[in-house]
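# Structural overview for review
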Amino acid sequence: MTRLRFKKLWLISETTRAARSIEFHTNRTLLVGRNHTGKSTVVKHVFRTLGCETKGKSDRWDSLAISVLEFELDGKQYTAYRKANVYALRDDDNASIRVTTSYPEWAAIMAGIFDFRLMLPTHQETLAQATPPYLFLPYYLDQDGSWLQQWNSFDKLSQFANWKKPLAAYVTGQRPNGYYLAKFEESKAKTLLNQLNQELGVVQSALSRVRKTLPRPAVRLDANAFKQEITDLLRTSTLLKTEQESLRKKAFDCAAQRESLSSQIAMARDALRDLEGDLKYLTESKTEQAITCPTCGTSHESGFPVRLELIDDAVTLRKVISELEGEHRKYEEQLADIYGKINRIKRKSLDIEKTLQTKKGMLRLQDVVDSQSSEVIRSAFAKDMDSLKRQLAAQEKIATDAKFKVSQFDLPERTKAINEFYSERMELFASELGVPDLREDVKKRPDASISASGSALPRSLLAYQFAVLHTAKEKGDAKHFPVIIDSPNQQGQDADHLKQMLQFIVKRTPSDQQLILAVEDRPSEFNFDGQVVELTTPFGLLEADQYDLACEELRDMVVAVEAGINQRLANSRIGSIDSEEDID
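So, a few notes on the structure that sits alongside this text. (Residues numbered from 1 in each chain as written. Predicted model: local features only at pLDDT ≥ 70, side-chain atom pairs only at ≥ 80, totals over all residues. Heavy atoms only, no water.)

## Considerations on the environment of Y140
Where we set the bar: Under the DSSP-based scheme used, a helix requires at least four consecutive residues in state H or I and a strand at least two consecutive residues in state E, with every element numbered from the N terminus. The contact rule is simple, with two residues in contact once any of their heavy atoms fall within 4.5 Å.
One can find Y140 in strand β10 (residues 140-141). Those residues in contact with Y140 that sit more than four places away from it in its chain are V43, K44, F47, S146, S153, F154, Q465 and I484.

## Details of the nonpolar core
What counts here: For this analysis, a nonpolar core means a set of buried residues of the types Ala, Val, Leu, Ile, Met, Phe, Trp, Tyr and Cys, connected via side-chain atoms within 4.5 Å. A 1.4 Å probe rolled over the protein chains alone gives each residue an accessible area, and that area as a share of the maximum for its type sets the label: buried under 20%, exposed over 50%, partly exposed in between.
If you look at the biggest cluster of nonpolar residues, it comprises 96 residues, and the most contacted ones within it are F6, F71, F114, Y134, F136 and L462. Among the elements that take part in this core, helix α12 (residues 456-475) stands out by supplying 10 residues, more than any other.

## Some points on the side chain of R48
We count it as follows: In this tally, Asp and Glu contribute negative charge and Lys and Arg positive charge; neither His nor the terminal groups of the chain are included. One side-chain nitrogen of Lys or Arg within 4 Å of one carboxyl oxygen of Asp or Glu is enough to make a salt bridge.
Position of R48 relative to the elements: it lies in helix α1 (residues 39-49). Here R48 sits buried without a salt bridge, and the closest side chain of opposite charge, E53, lies 4.7 Å off (N-O distance). Not counting chain neighbours up to four residues away, the residues in contact with R48 comprise T54 and R82.

## Here we look at the environment of M385
Turning to its location among the elements, M385 is positioned in helix α9 (residues 374-407). C-alpha of M385 to C-alpha of E199: the two residues are 186 residues apart in sequence and 9.2 Å apart in space. Dropping the residues within four chain positions of it, M385 is found in contact with L200, V203, Q204 and L207.

## Here we look at the packing of helix α10 (residues 412-432) against helix α13 (residues 495-508)
The test is simple: Where helices are involved, their axes are fitted lines through C-alpha atoms of the stretch in contact, as for all axes, and angles between N-to-C directions lie from 0 to 180°.
The geometry of α10 relative to α13 is characterised by a closest axis approach of 10 Å and an angle of 145° between their N-to-C directions. Of the residues in α13, those in contact with L428, F429 and E432 of α10 are Q500, F504, K507 and R508.

## Examining the pattern of salt bridges
Evaluation of the coordinates by the stated rule reveals 33 salt bridges. Across the pair R90 and D92 runs a salt bridge whose closest N-O atoms are separated by 2.7 Å. Note that E432 is salt-bridged to R508, the shortest N-O span being 2.4 Å. Residue E432 is located in helix α10, and its partner R508 is located in helix α13; the two are separated by 76 residues in the primary sequence. On the basis of relative accessibility, which here comes to 22%, the residue E432 falls in the partly exposed class. In this structure R508 comes out as buried when scored by relative accessible area, which is 18%. Through salt bridges that share partners, K8, E23 and E553 make up one connected network.

## Let's talk about the pairing of strand β3 (residues 28-33)
What counts, and what does not: Two strands pair under a simple rule: DSSP has to find at least two bridges between them.
For β3, a buried count of 6 out of 6 residues is recorded, marking the element as mostly surrounded by other parts of the structure. Alternating positions in β3 separate into two faces, R28, L30 and V32 on one and T29, L31 and G33 on the other, with burial throughout. Sheet topology note: the β3/strand β15 (residues 515-519) ladder contains 5 bridges and is parallel. Bridging from a neighbouring strand, L30 pairs with L517 of β15. Pairing analysis gives 5 bridges linking β3 to strand β16 (residues 531-535), with the strands arranged parallel. Bridged to G33 within β16 is L535.

Okay, structure coming up:
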């Protein structure tokens, strides 16, 4: 059983120097706020911090804002961090931290701590590890997509092909973790089997062609073909050298840009430091006397407008510094990539030189080659084919064993029992929400598609989501995750239906699973036993007076993340320096 509870969320904008932190109740949290007060921003960033791309974007929101989520998983404390494409996860029990800018690496980290082994079909007809959105889809109803279509809470879900049916099977327990691990092993075994068969076919075809070209026992080296091979190798070597010189120029230009940005960042930081010093002086000054500029001699009034201008300039400078640092990091990564390419070219050139030496040796041994009989060649081919056939036999056994393991999870009686449980819950919940006219397949199978119109659609989707949720809890792999529902008042729900939906959510959320519910208004006579967080200021979710406190609370985390990023860049630079030394 995997039990997850969200504890606290921080949102910080370094650009506007504003922040907000929200602590979630152990069992029930109600977020109340009208449009644009930030309730959806809060719930979206819970999942965004964990690596999900949520729907709906706001032009007013700082795209470089930091989000940090503190959560408890099976009694262990963790803190997740995200800023743009920088992800980090800290194990709070031992203070170890993993930092990455690679989304596949982050997805692997999430799959590891949550024991999430769902494998989904790719568009290349292979299987790949499902990413974090597919882990949280059953537990989140988003206001921008979930009330129109099932399994529609996140963006960028089209990375996999035909994923909804296997996801429903995984969540409801028809296909547990073990099935997908066995299926992945079977897929790997089949791929290796196909590769070996293709390799054996190539060897057999090559032997057939060689036999046709051996009218006499002796084998002679084709001098013209040999000469052409040498010419081709030399031409390739020349092209590689040309490409290497081009990359060296790009590396020089990139390094120049990087140093220029470093200078700009330093100047901007100096200017910001001066501005903050002026602002501090004006703020602490007890008089309103005029101030004379030491550069031009102009007299300035030391009043509130001056301080306001300095504050605006400081905000602008911080944003400029953040943008310059982003550009500087981009050139760091580009430079590392260029050095990597230069090193690969160097290795290719060395391989060509070795090949040329081998070819020269072959030419000197031509008399030996001429003396070889066709029987020797046939023997060499036969040896290769025997080896491949032995590998094929071993791989066929592995594939057969993997297929058998997969078949152990195909239990029709279990699938039938799961579908019956789902059907019973679906009919019950549809009745409680006043949507009895559902198609028969929707009532009987969790992989069926919901189709309804008007205000009945959100209630049908809510009934479906909770039927799946209850089935997952009863029959699945027991992931007790928080249930997060945003703005159920969609598609013109009247007051009675809205109250019916809210009461249903509270009543039917399992008592051992956390509930975070976001609503525009709290209806009268709607009893909510838990914490209520009211958001009242349009476009004012983040507050300036919370910035310093949030920075202090997260100081150790931010320092650890920056150290992790610097270490990754340092490792990249070491690789680049090694490449330069190899080339020199």
